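# Observations on chain architecture
Now for the letters of each chain:
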Amino acid sequence: MISKLNLKKLKKIKSQFFGTVVIVSKRRSVEEILFYYKNGHRDFGENRVEELITKKELLPADINWHFVGNLQTKKVKKIFNKVHLIHSLDSIKLADQLDKRATYKNIKINCLVQVKIAKEATKSGIRCEMLENFLLHCEKLENINIIGLMGMGTNTNDLKLVSSEFDELNHFFNIFKNKYNLKYLSIGMSNDYKVAIKSGSNMLRIGSLLFE
Ligand SMILES: *Cc1c(COP(=O)(O)O)cnc(C)c1O
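Nothing here was measured: the structure is a model prediction, and the numbers come from that model.

Calculation criteria
- Residues numbered from 1 in each chain as written.
- Predicted model: local features only at pLDDT ≥ 70, side-chain atom pairs only at ≥ 80, totals over all residues.
- Heavy atoms only, no water.
- Buried < 20%, exposed > 50% of the residue type's maximum accessible area, 1.4 Å probe, protein only.
- Helix = DSSP H or I, 4+ residues; strand = E, 2+ residues; numbered from the N terminus.
- Pairing = 2+ DSSP bridges.
- Right-handed = clockwise from strand over helix to strand, strands pointing away.
- Near = heavy atom within 4 Å.
- Polar contact = N/O pair within 3.5 Å; in protein donor to acceptor, adjacent residues only side chain to side chain.
- Areas by Shrake-Rupley, 256 points an atom, 1.4 Å probe, with all protein chains shown as cover.
- 1 Å grid on protein atoms, 1.4 Å probe; cavity = no way out; pocket = protein on both sides within 12 Å on 5 of 7 lines; lining within 4 Å.
- Sits in = over half its atoms within 2 Å of the grid points.
- Contact = heavy atoms within 4.5 Å.
- Phe/Tyr/Trp six-rings, centres within 6.5 Å; stacked < 30°, edge-to-face > 60°.
- Lys NZ or Arg CZ within 6 Å of the ring centre and 35° of its normal.
- Points joined across faces, edges and corners; volume = space filled by probe spheres on them.
- Nonpolar A, V, L, I, M, F, W, Y, C, P; charged D, E, K, R; others polar.

### Structural notes on the pairing of strand 7 (residues 144–151)
Strand 7 sits mainly inside the fold: seven of its eight residues count as buried. Where strand 5 (residues 109–116) and strand 7 come together, seven bridges link them in parallel fashion. Within the sheet, the bridge partner assigned to V115 lies in strand 7 and is G151. Relative to strand 8 (residues 184–186), strand 7 runs parallel, the two being bridged by three bridges. In the strand pairing of strand 8, M150 is matched with S186. Regarding topology, helix 7 (residues 159–180) serves as the crossover connection from strand 7 to the parallel strand 8, and that connection is right-handed.

The following block contains the structure:
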């Protein structure tokens, strides 16, 4: 059961941090989301297209929905005009598809480039060596705005390793932020948000910690 204790955790995180906290609400109920909404929170993240759409229809319209999961190009048409920010832009094909849909509807879609910083094969993302080429490609697409970078650290208790991965991404963020107008560095989840803050995060994506 979600309780006042969860709210206390959220307030504590927000008091240590000047960026945006995205509450990752995947697999959580509409009631659980409403609990945080009623306490003033507006940024929620989902990793499945259908789940986001269902929840969006049932919840207040002023929620900022963040898409944080793997996005298949064939699902772009369902979701491109329903999200505040896509954190998981990780291929040219996906960028082109988003731009095509957005151009057709005459809207702009805000995206973060997901960069592969963990060595794990299960983590997707653009490799650091390819990042500038990718940013250059996206610059030519008029209807998507790249406004930052996203990364996921290795799933481990070795926070030193995660910290070095986040530092690497922060390094690239600093190199490219002025040239490509990047504002957001989306790093940090329940287990590693403290090291992410130290590595320059200004957008945390926190799920389990706030629901247990
Ligand atoms: C689930 C998820 C999160 C939140 O993870 P927790 O460990 O529950 O805080 C953050 N980012 C992405 C991409 C996720 O899929």
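After presenting the structure, the write-up continues.
### What about the site of the ligand?
All residues adjacent to the ligand are V24, K26, V68, M152, M189, S190, R205, I206, G207 and S208. Contacts to the ligand include K26, whose side-chain N or O atom sits 2.8 Å from an oxygen atom. R205 is positioned such that a nitrogen or oxygen atom in its side chain is 2.9 Å from a nitrogen atom of the ligand. In isolation the ligand has 380 Å² of accessible area, and contact with the protein removes 87% of it. Among the detected pockets, the ligand sits in the largest pocket.

### Side note on helix 3 (residues 49–58)
Inspection of helix 3 places V49, E51, L52, I53 and K55 among the buried residues, and these make up the whole buried set. On its buried side, helix 3 packs onto helix 2 (30–38), strand 2 (43–46), strand 3 (64–67) and helix 4 (76–79).

### Observations regarding the packing of aromatic side chains
Enumeration over the complete set of coordinates arrives at five aromatic pairs. When the centroid spacing of 5.3 Å and the interplanar angle of 80 degrees are considered together, the rings of F35 and Y36 count as edge-to-face. Taken together, a centroid distance of 6.4 Å and an interplanar angle of 20 degrees make the contact between F172 and F176 stacked. With F172 and F176 both in helix 7 and four residues apart, this pair spans about one turn of that helix. Feature note: the residues F35, Y36 and F211 constitute an aromatic cluster, connected by ring pairs. Above the face of the Y37 ring, R42 is positioned so that its terminal group lies 3.7 Å from the ring centre.

### Observations concerning the layout of surface pockets
Its volume calculated, the largest pocket comes out at about 890 Å³. Taken together, the residues that form the lining of the largest pocket break down as nine nonpolar, 16 polar and nine charged. Together, 13 residues line the second largest pocket, and E139, I144, N145, I146 and Y180 are the ones closest to its centre. Elements represented by at least two residues in the lining of the second largest pocket include exactly helix 6 (131–139), strand 7 and helix 7. Each residue belonging to the lining of the second largest pocket can be placed in one class, and the counts come to seven nonpolar, two polar and four charged.

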